[in-house]
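Survey of secondary and tertiary structure
Single-letter residue listing:
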Amino acid sequence: MSVTVAAALKKIAVAILTDKDTLKKVCTFIASVFALLFMPLAAMLALFQGDIEFTPEMLEEIAADIDPEELEKLTKVQETVDSIDLAMDEAGMSERSEEAEILYMLALYDCSDEEDFAQRLTDCFEEDQSDYDLIDNVNEEFGTDIDPAEFVMVMSGIRKSTINPYIFQDPYTKNNIDLAAFAKEAYSDDWGYVWGTYGTVLTQKGFESLCEADPTHVGKYEEFIQANWIGRRTADCVGLIKAYMWYNPDIQDIQYGYNSYEDMGANAMFKASTESGPIEEMPDIPGLGVWKHGHVGVYVGDGIIVQAMGTKYGLVKTYVEYSAFTNWFKIPGIYYPES
């Protein structure tokens, strides 16, 4: 079975978890097309609470019991998703394929038999476009009545809990350009800050373990974290960099220790660098690390730093010239091309 469809299912489940008001609408669709083919909704929700692991092997096992008619329906969905991805890629919009897939599965499934569906959907996307502008284009093209506020709500939930695989130029090479893109995406997705975390979704169970293990840095902010960061991705300052280093493109998620990259603190990472200098002399290379004692950030270009600042701030953007960082450094394990 296709991992692409599995990933789409995961994204839909995230949308459900984000706001229970969308449950009825989304469940109707899932029940008719997806959920009966794979697993009960409860199991899908458990997946996002970290209770079970969703694997291609599990899909193959369940697929053996699928009615041929339903399997044909799923195959059609996969073919449509593939055609959407291809059209978006050819249009230079591959980084927004996720949005197109979600629009198809949550709102345009009944339109997918129309001629040139994938291309028409792709043509609704424009550069520097808001979610509201996108939905206006889609409604006009397909004669639908999608509520833009609902789409924004769903996409907000997905962006906070998933990592867009289309942001990477080369996901299998840990390079400075992709690190900068990863940091900017994490900022746009509104990651939170929790000491000792590295970009995974903060579950209730995981949070309780962190509180118990570190009452100084985590426990004393228990009320704030509970109200603001549960259910979304979180990282501490060096955890933002480790999140990228541990991103496994095969599973499209963060896997602790991936690539055998060392788990190190901010000062240790800076000391392990083979090239560094004072912040005033930093070259304009996106993906450089910036450091002050006990704290690091990522330079993303145009004079801007993305950093996980603190529990009550989350990820923020700051300008180099106004920051308190004292040094720049090339991050160990990151490939920096000569040109």
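Residues numbered from 1 in each chain as written. Predicted model: local features only at pLDDT ≥ 70, side-chain atom pairs only at ≥ 80, totals over all residues. Heavy atoms only, no water.

1. Observations regarding the side chain of Asn327
On the secondary structure map, Asn327 appears in strand S10 (residues 327-329). Of the polar contacts made by the side chain of Asn327, one reaches the side chain of Thr326; its length is 2.8 Å. Those residues in contact with Asn327 that lie beyond four places of it in its chain are Phe270, Gly277, Pro278, Ile279, Gly289, Val290 and Trp291. (Helix = DSSP H or I, 4+ residues; strand = E, 2+ residues; numbered from the N terminus. Polar contact = N/O pair within 3.5 Å; in protein donor to acceptor, adjacent residues only side chain to side chain. Contact = heavy atoms within 4.5 Å.)

2. Some words on the sheet that holds strand S6 (residues 289-292)
A sheet is described by the order of its strands in space; here six strands give the open sequence S5-S10-S6-S7-S8-S9, paired in antiparallel fashion. The two strands at the open ends of the sheet, each matched to only one other strand, are strand S5 (276-278) and strand S9 (314-319). The mean angle between the axes of side-by-side strands here comes to 30°, regardless of whether they run parallel or antiparallel. Across the sheet, helix H10 (residues 176-188) lies against strand S7 (295-301), strand S8 (304-310) and S9, angled at about 105° from S7, the strand it touches most. Sheet strands touched by helix H13 (residues 237-245): S7, S8 and S9. Its angle to S7, the strand with the most contacts, is close to 55°. (Pairing = 2+ DSSP bridges. Axes fitted to C-alpha atoms, helices over the stretch in contact; angles between N-to-C directions.)

3. Here we look at the confidence of the model for the protein chain
Confidence along the protein chain averages 82 in pLDDT terms, with 79% of residues attaining 70 or more. Contacts from residues 1-55, a stretch scored under 50 in pLDDT, to residues over four places away or in other chains number 102 contacts. (pLDDT = per-residue confidence, 0-100.)

4. Focus: the environment of Tyr132
Along the chain, the position of Tyr132 falls in helix H8 (residues 131-142). Taking relative accessible area as the criterion, Tyr132 reaches 43% and is therefore assigned partly exposed. C-alpha separation for the pair Tyr132 and Pro148, spaced 16 residues apart in sequence, amounts to 5.5 Å. (Buried < 20%, exposed > 50% of the residue type's maximum accessible area, 1.4 Å probe, protein only.)

5. Observations concerning unusual backbone geometry
The bulk of non-glycine residues show a negative phi, and the bulk of peptide bonds are trans. Notably, Asp116 is not glycine yet its phi reads approximately 55°, a positive angle. One can find Asp116 in the loop between helix H6 (97-106) and helix H7 (117-122). What makes Asp116 exposed here is its relative accessible area of 52%. For Asp128, which is not a glycine, the phi torsion comes out positive at approximately 50°. Structurally, the position occupied by Asp128 is in the loop between H7 and H8.

6. Looking at a negative patch on the surface
A grouping of Glu126, Asp133, Asp136 and Glu140 is seen on the molecular surface, where their side chains present a negatively charged patch. Within the fold, Glu140 resides in helix H8. (Patch = residues over 30% accessible without salt bridge, like charges linked within 9 Å, V, L, I, M, F, W, Y side chains within 5 Å. Areas by Shrake-Rupley, 256 points an atom, 1.4 Å probe, with all protein chains shown as cover. Salt bridge = Lys/Arg side-chain N within 4 Å of Asp/Glu carboxyl O. Lys, Arg positive; Asp, Glu negative; His and termini not counted. Charge placed at Lys NZ, Arg CZ, Asp CG, Glu CD.)

7. A look at H13
Burial of H13 is extensive: nine of the nine residues sit out of reach of the surface. Along H13, the residues that are buried comprise Cys237, Val238, Gly239, Leu240, Ile241, Lys242, Ala243, Tyr244 and Met245.

8. Quick word on the packing of aromatic side chains
One pass over the full model with this rule turns up 14 aromatic pairs. Taken together, a centroid distance of 6.3 Å and an interplanar angle of 25° make the contact between Phe168 and Phe182 stacked. Taken together, the residues span a long stretch of sequence, with Phe168 in the loop between helix H9 (148-161) and H10 and Phe182 in helix H10 at a distance of 14 residues. For the pair formed by Phe168 and Phe182, the shared burial category is buried. Ring centres 5.5 Å apart and planes at 50° place the aromatic pair Tyr198 and Tyr256 in the tilted group. Note that Tyr198 is positioned in strand S1 (residues 198-201) and Tyr256 in the loop between strand S4 (253-254) and helix H14 (266-271), a separation of 58 residues in sequence. Classification of Tyr256 by relative accessible area gives partly exposed; the value is 48%. Cluster of aromatic residues (ring-pair linked, three or more members): Phe168, Phe182, Trp191, Tyr244 and Tyr247. Sitting over the face of the ring of Tyr109, Lys76 holds its NZ or CZ atom 5.7 Å from the ring centroid. Lys174 extends its terminal NZ or CZ atom over the ring of Tyr244, reaching a point 4.6 Å from the ring centre. (Phe/Tyr/Trp six-rings, centres within 6.5 Å; stacked < 30°, edge-to-face > 60°. Lys NZ or Arg CZ within 6 Å of the ring centre and 35° of its normal.)

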